[in-house]
Amino acid sequence: MSPSTEPAPGPPDELDALASKKVVPLRHPWRWFASAVVLVLLAQLAHALITNPVFQWDAFAYWFFRPVVLEGLLLTLELTGLSALFGLLGGIVLALMRLSRSPLLQAVSWAYVWVFRSIPLIVLLLFLANVTALYSTLSLGVPFGPSFVEFRATDLLSFFVVAVLGLSLNEAAYAAEIVRAGIISVDQGQLEAAAALGLPKSRQYRRVILPQATRSIIPSYVNQLIGLLKGTSVVYITSLLELFGVVQTQASTNSGQIIPLLVVGTVWYVILTSVLSVAQFYVERHFSRGALRTVPPTPIQRFRGKLRALGVAR
């Protein structure tokens, strides 16, 4: 009979002494110090915002929901939505061209991304706004042959069209790299398995590659979308008055209310980017199903969990 490998229990007095000792949690004095410093800074910031008369919160409340500001806000949303849609579609096409086996398609996609990432957005918008100096008329017809329909460039390229076109061209270059990075992040074994099943190339992309690549694409593209939302403020140089253009115009005509008008624009941009961030969370949560054992809890679920931990709610 082999001897027992379990350690012999100590004397009863020692065990009772250990059991009677109080467990003291590890203290973090620097964490409390940092929290106190942050609270003091936040209190100072709130005090400055409330007591500084330059902010003119009555003027802020007056301008925040003015029709002219809301019209600029609506135009900002239209520019962002259309440019995001066309830019993403163009980015998907460019990414697939870059991943194709055709050297010509690869070269064209690479050149497009290289050129439009190199040109500042404000320069691109100014160039498109003055493209009528290069082409007074635009036509549709046989390449290098007769034209069937002709348009005046000034009638076709309005300020709104120029803004959407410039933003979309710029957005497509960045979206192409985001989509390409998401596609190449898919495990090679998934591609081999799809090919072994005899799935057509288009079906491989739709049913195997893109659903997995979307999880990698969404965070980067929403970040790019937020940049696009703020980038629409550049289109005021084309005489298109979106949110920032309206704020800038009203500030120039109401010189004593520059700060409150700038705060109006700032708060609206913060609200819009916050909405996009919330949408990003729920979209990521949706596409994480199947990849994670448990999906991340929503803020409401976290709040309820804390209440249950405190015994407030069931």
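If you're wondering where the values come from, they're calculated on a predicted model, not measured in any experiment.

S.K.: Account for the overall build of the chain, with residues named and values stated.
M.R.: Looking only at helices and strands, one finds 13 helices and 2 strands in the chain. Burial status across the chain gives 29% buried among its 314 residues. Across the chain, contacts joining residues at least 24 apart in sequence account for 70% of those joining residues at least 6 apart. Of the roughly 21,100 Å² of accessible surface on the chain, a fraction of 66% belongs to carbon and sulfur atoms.

S.K.: An account of helix α3 (residues 57-64) is requested, with residue identities and associated values reported.
M.R.: All of the buried residues in α3 are Ala 59, Phe 60, Trp 63 and Phe 64. Within α3, the buried residues cover an arc of 130° as seen down the axis, which keeps them to one side. Projecting away from the buried face of α3 at angles above 90 degrees are the exposed residues Asp 58 and Ala 61. Elements in contact with the buried residues of α3: α4 (67-99), α11 (243-253) and α12 (258-287).

S.K.: I'd like a description of the UniProt feature "transmembrane region" (unreviewed entry) in the chain, backed by residues and values.
M.R.: Here the UniProt feature "transmembrane region" (unreviewed entry) sits at residues 30-50, 70-97, 109-136, 156-176, 225-246 and 258-283. Annotation note: span residues 156-176, helix share 90%, strand share 0%, distance between end C-alpha atoms 27 Å. With 100% helix and 0% strand, residues 258-283 has its two end C-alpha atoms placed 38 Å apart.

S.K.: Account for the packing of aromatic side chains, naming residues and giving values.
M.R.: One pass over the structure, following the stated rule, counts 12 aromatic pairs. Aromatic side chains Tyr 62 and Trp 63 sit 5.3 Å apart centroid to centroid with 85° between the ring planes, which places their arrangement in the edge-to-face category. Looking at Tyr 62, the relative accessible area reads 46%, which means it is partly exposed. By relative accessible area, Trp 63 is classed as buried at 7%. Plain terms: the ring middles of Tyr 112 and Phe 116 are 4.4 Å apart, the flat faces sit at 35° to each other, and that makes the pair tilted. Pair noted here: Tyr 112 and Phe 116 are both in helix α5 (residues 103-118), with a separation of 4 residues, about one helical turn.

S.K.: Tell me what's going on with the pattern of salt bridges, and back it up with residues and numbers.
M.R.: Per the counting criterion, the structure on display carries 2 salt bridges. Measuring nitrogen to oxygen at the nearest pair gives 3.5 Å for the salt bridge that ties Glu 177 to Arg 98. Note that Glu 177 is positioned in helix α8 (residues 159-184) and Arg 98 in helix α4, a separation of 79 residues in sequence. According to the relative accessible area criterion, Arg 98 is partly exposed, its value standing at 24%. Between Arg 180 and Glu 177 there is a salt bridge, and its shortest N-O distance comes to 3.0 Å. Highlighted residues: Arg 180 and Glu 177, both in helix α8, separated by 3 residues, approximately one helical turn. Through salt bridges with shared partners, one network takes in Arg 98, Glu 177 and Arg 180.

S.K.: Tell me about the environment of Leu 165, residues and numbers included.
M.R.: Position of Leu 165 among the secondary structure elements: in helix α8. Relative accessible area serves as the criterion here: at 35%, Leu 165 is assigned to the partly exposed category. Spatially, the C-alpha atoms of Leu 165 and Leu 82 are 9.3 Å apart, while their sequence positions differ by 83 residues.

Rules used in this analysis
- Residues numbered from 1 in each chain as written.
- Predicted model: local features only at pLDDT ≥ 70, side-chain atom pairs only at ≥ 80, totals over all residues.
- Heavy atoms only, no water.
- Helix = DSSP H or I, 4+ residues; strand = E, 2+ residues; numbered from the N terminus.
- Buried < 20%, exposed > 50% of the residue type's maximum accessible area, 1.4 Å probe, protein only.
- Contact = heavy atoms within 4.5 Å.
- Areas by Shrake-Rupley, 256 points an atom, 1.4 Å probe, with all protein chains shown as cover.
- Arc of directions from axis to C-beta.
- UniProt positions renumbered as here; feature names shortened; annotations may be inferred.
- Phe/Tyr/Trp six-rings, centres within 6.5 Å; stacked < 30°, edge-to-face > 60°.
- Salt bridge = Lys/Arg side-chain N within 4 Å of Asp/Glu carboxyl O.

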